[in-house]
Amino acid sequence: MGSLTYDRVVVEVDDRILAHLQLVIVQKLRRGESFLLSWQDSPSVGSGRSSVWLNQAIPLYFKYVGGHAATLNRQWIEDLSRSANSAQGLVIVSEAGSLPVATLAARPKTTIDARTTAHTDTVLT
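Residues numbered from 1 in each chain as written. Predicted model: local features only at pLDDT ≥ 70, side-chain atom pairs only at ≥ 80, totals over all residues. Heavy atoms only, no water.

A short note on the confidence of the model for the protein
Overall, the prediction assigns the protein a mean pLDDT of 79, with 74% of residues at 70 or greater. Per-element confidence in the protein ranges from a low mean pLDDT of 43 for strand β7 (residues 113-117) to a high of 95 for helix α1 (residues 15-30). Of the regions scoring below 50 in pLDDT, residues 100-120 engages in 59 contacts with residues more than four places distant in sequence or in other chains. (pLDDT = per-residue confidence, 0-100. Helix = DSSP H or I, 4+ residues; strand = E, 2+ residues; numbered from the N terminus. Contact = heavy atoms within 4.5 Å.)

Here is the structure:
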């Protein structure tokens, strides 16, 4: 389980999810674009949603626990990028929900569960 640290918020994320998020987030921040990142909190912390506004002025740290880079899913990256460029911002969707572009509109919004712990720590599973 890796982590994304932004300001004082630590979000623990599966390494595979983190690798895809990193690519999309860095792409947007390189272009100087700020945006919202949102996820679904897990039932273990009362459910709900969490969001953070990402801006290139605040340091961002990606930490992986695995020793090798994940194989990237191009369609999932495209889906996440499309979400990041929308008015609602980047909503984390599961890789299993990543469908060909022709059927994307019919896809339900599936988010990754997150568990928020004390001191603004969050876990995505």
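Having seen the model, we can carry on.
Some thoughts on helix α2 (residues 74-84)
The α-helix winds at 3.6 residues per turn, so residues separated by three or four positions along the chain end up facing the same way. All of the buried residues along α2 are Trp76, Ile77, Asp79, Leu80, Ser81, Ser83 and Ala84. Of the surrounding elements, those touching the buried residues of α2 are α1, β3 (35-41) and β6 (90-91). Where α2 begins, the capping side chain belongs to asparagine 73, and its oxygen is found 2.9 Å from the backbone nitrogen of glutamine 75. (Buried < 20%, exposed > 50% of the residue type's maximum accessible area, 1.4 Å probe, protein only. Polar contact = N/O pair within 3.5 Å; in protein donor to acceptor, adjacent residues only side chain to side chain.)

Some details on the pairing of strand β1 (residues 2-6)
In terms of burial, β1 is a largely internal element, 4 of the 5 residues being buried. Examined bridge by bridge, β1 and strand β2 (residues 9-13) share 5 bridges and lie antiparallel to one another. Looking at the pairing, threonine 5 lines up with valine 10 of β2. Here β1 folds back onto β2 in antiparallel fashion, the turn holding 2 residues, of which aspartate 7 has a positive phi close to 60°. In this sheet, strand β5 (residues 60-63) lies alongside β1 in antiparallel orientation, the contact comprising 4 bridges. Residue pairing across strands places threonine 5 opposite tyrosine 61, the latter belonging to β5. (Pairing = 2+ DSSP bridges.)

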